[in-house]
Amino acid sequence: MNIILLGLPGAGKGSFAKKLNDDYGMFHLSSGEILKKVVGKNTSLGKEINNYINKGELVPDDITVNLMKKKIKQISNKNIIFDGFPRSIKQAEELDKILKQFAEKIDLCIYLKVAVEELIKRISGRRICKIDGSIHNLEFDSPSADEECSENSGNLYIREDDKPEVVKKRIENSKKKTKLLANYYENKGILESIKTTDKSIDDSYEEMKNILVKYS
Ligand code: AMP
């Protein structure tokens, strides 16, 4: 089964993908992570990608699709949770073509709906540990006063693209595209929505598991 988690930045795609990976052994494929790995290599492509990410803009479709195509080919267990990909209709169409090569398809798209004010609050509270890369949230995690990761004494830092000015831009840039993608999968009859505003992660995850039962 291949699943897309769709939603605006901060909707919780990464957190739910991690849970699905832990509970069902599905492969968590995050386009943000793939792109940031290339940034880390400090090549000219990495620098180009970094420019888009830091401005809160989407990386061009051709670059993103090529990198995702390479990665999908390497994954032997094709039970994939797509986190952050596709982010445009062009990417969705390309993804359909890539999966077809493996006699695979997208079976389900789960749209995580959250009020924009809550998204901004959630993303503004997100912090990353310098040592182990773990993700924390000042909103939910009750961190120690000095903002340190509980596993390490490494200080937490805020992602460049999680800074308030950039967050607002990321959300604005994503709104229309996310709606179009929801329509794309609704027309295929494989769209399910979960409203996560004011709900605990556990309650939303229960809903998600019920949806999975329906589609399996
Ligand atoms: P994320 O970690 O999913 O929030 O992604 C971080 C940043 O990577 C985004 O703000 C975009 O700049 C870029 N990015 C991630 N996924 C995509 C995608 N599918 N298409 C274009 N850009 C992307």
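Here the structure is shown first, and the text comes after it.
Basis of the calculations
Residues numbered from 1 in each chain as written. Predicted model: local features only at pLDDT ≥ 70, side-chain atom pairs only at ≥ 80, totals over all residues. Heavy atoms only, no water. Axes fitted to C-alpha atoms, helices over the stretch in contact; angles between N-to-C directions. Helix = DSSP H or I, 4+ residues; strand = E, 2+ residues; numbered from the N terminus. Parallel < 35°, antiparallel > 145°, perpendicular 65-115°, else oblique. Left-handed = near helix turned anticlockwise from the far one by under 90°. Contact = heavy atoms within 4.5 Å. Nonpolar A, V, L, I, M, F, W, Y, C, P; charged D, E, K, R; others polar. Near = heavy atom within 4 Å. Polar contact = N/O pair within 3.5 Å; in protein donor to acceptor, adjacent residues only side chain to side chain. Pairing = 2+ DSSP bridges. Buried < 20%, exposed > 50% of the residue type's maximum accessible area, 1.4 Å probe, protein only. Phe/Tyr/Trp six-rings, centres within 6.5 Å; stacked < 30°, edge-to-face > 60°. Lys NZ or Arg CZ within 6 Å of the ring centre and 35° of its normal.

Draft legend 1. Seen up close, the packing of helix α4 (residues 61-74) against helix α5 (residues 89-100). One way to put it is that α4 packs onto α5 with a least axis distance of 10 Å and a crossing angle of 25°. Looking at the two axes, α4 sits roughly parallel to α5. Note that α4 runs across α5; the crossing there is right-handed. Taken together, the residues of α5 that come into contact with α4 (itself represented by Asp61, Thr64, Val65, Lys69 and Ile72) are Lys90, Gln91, Glu94, Leu95, Ile98 and Leu99. Across the contact of α4 with α5, the residue classes tally to five nonpolar, two polar and four charged.

Draft legend 2. Focus on the site of the ligand. The local shell around the ligand holds 16 residues, among which Ser31, Glu57, Gly84, Arg87 and Gln91 are the closest. One of the backbone nitrogen or oxygen atoms of Glu57 is found 2.6 Å away from an oxygen atom of the ligand. Interatomic distance of 2.9 Å between a backbone N/O atom of Gly84 and a nitrogen atom of the ligand. The element that contributes the greatest number of residues to the shell around the ligand is helix α2 (residues 31-40), accounting for four residues. Tallied by class, the residues present in the shell around the ligand amount to five nonpolar, five polar and six charged.

Draft legend 3. Spatial organisation of the sheet that holds strand β8 (residues 191-195). With parallel pairing, five strands are arranged side by side in an open sheet as β2-β3-β1-β4-β8. The sheet is open, and its two edges are formed by β2 (27-30) and β8, each paired on a single side. Across the sheet, the axes of successive neighbouring strands diverge by a mean angle of 20°, strand direction being ignored. Bridging between strand β1 (residues 3-6) and strand β4 (residues 108-113) involves four bridges; their strand directions are parallel.

Draft legend 4. Representation of the side chain of His136 within the structure. Secondary-structure assignment places His136 in strand β6 (residues 135-137). The exposure class assigned to His136 is buried, which follows from its relative accessible area of 15%. At 2.8 Å, the side chain of His136 and the side chain of Ser134 are in polar contact.

Draft legend 5. Representation of the sheet that holds strand β5 (residues 126-129). Read across the sheet, three strands follow the order β6-β5-β7 without closing on themselves; strand pairing throughout is antiparallel. If you trace the sheet from one side to the other, it starts and ends with β6 and β7 (156-157), each paired once. Here three bridges tie β5 to β6, and the two strands are oriented antiparallel to one another. From the neighbouring strand, Ile128 faces β6, where its bridge partner is Ile135.

Draft legend 6. Structural view of the packing of aromatic side chains. In the structure shown here, the tally under the stated rule is three aromatic pairs. Look at Phe16 and Tyr205: their rings are 6.5 Å apart centre to centre, the planes differ by 25°, and that puts the pair in the stacked class. Of this pair, Phe16 sits in helix α1 (residues 13-24) while Tyr205 sits in helix α8 (residues 201-215), and the two are 189 residues apart along the sequence. Across the pair, Tyr205 and Phe16 agree in class, each one buried. Taken together, a centroid distance of 6.5 Å and an interplanar angle of 40° make the contact between Phe82 and Phe85 tilted. Take Phe82: its relative accessible area is 0%, and that puts it in the buried class. For Phe85, a relative accessible area of 1% corresponds to the buried category. Against the face of Tyr205 rests Lys19, its NZ or CZ located 5.0 Å from the ring centre.

Draft legend 7. Main features of the side chain of Ser30. Along the chain, Ser30 falls in strand β2. From its side chain, Ser30 meets the backbone nitrogen of Glu33 in a polar contact 3.0 Å long.

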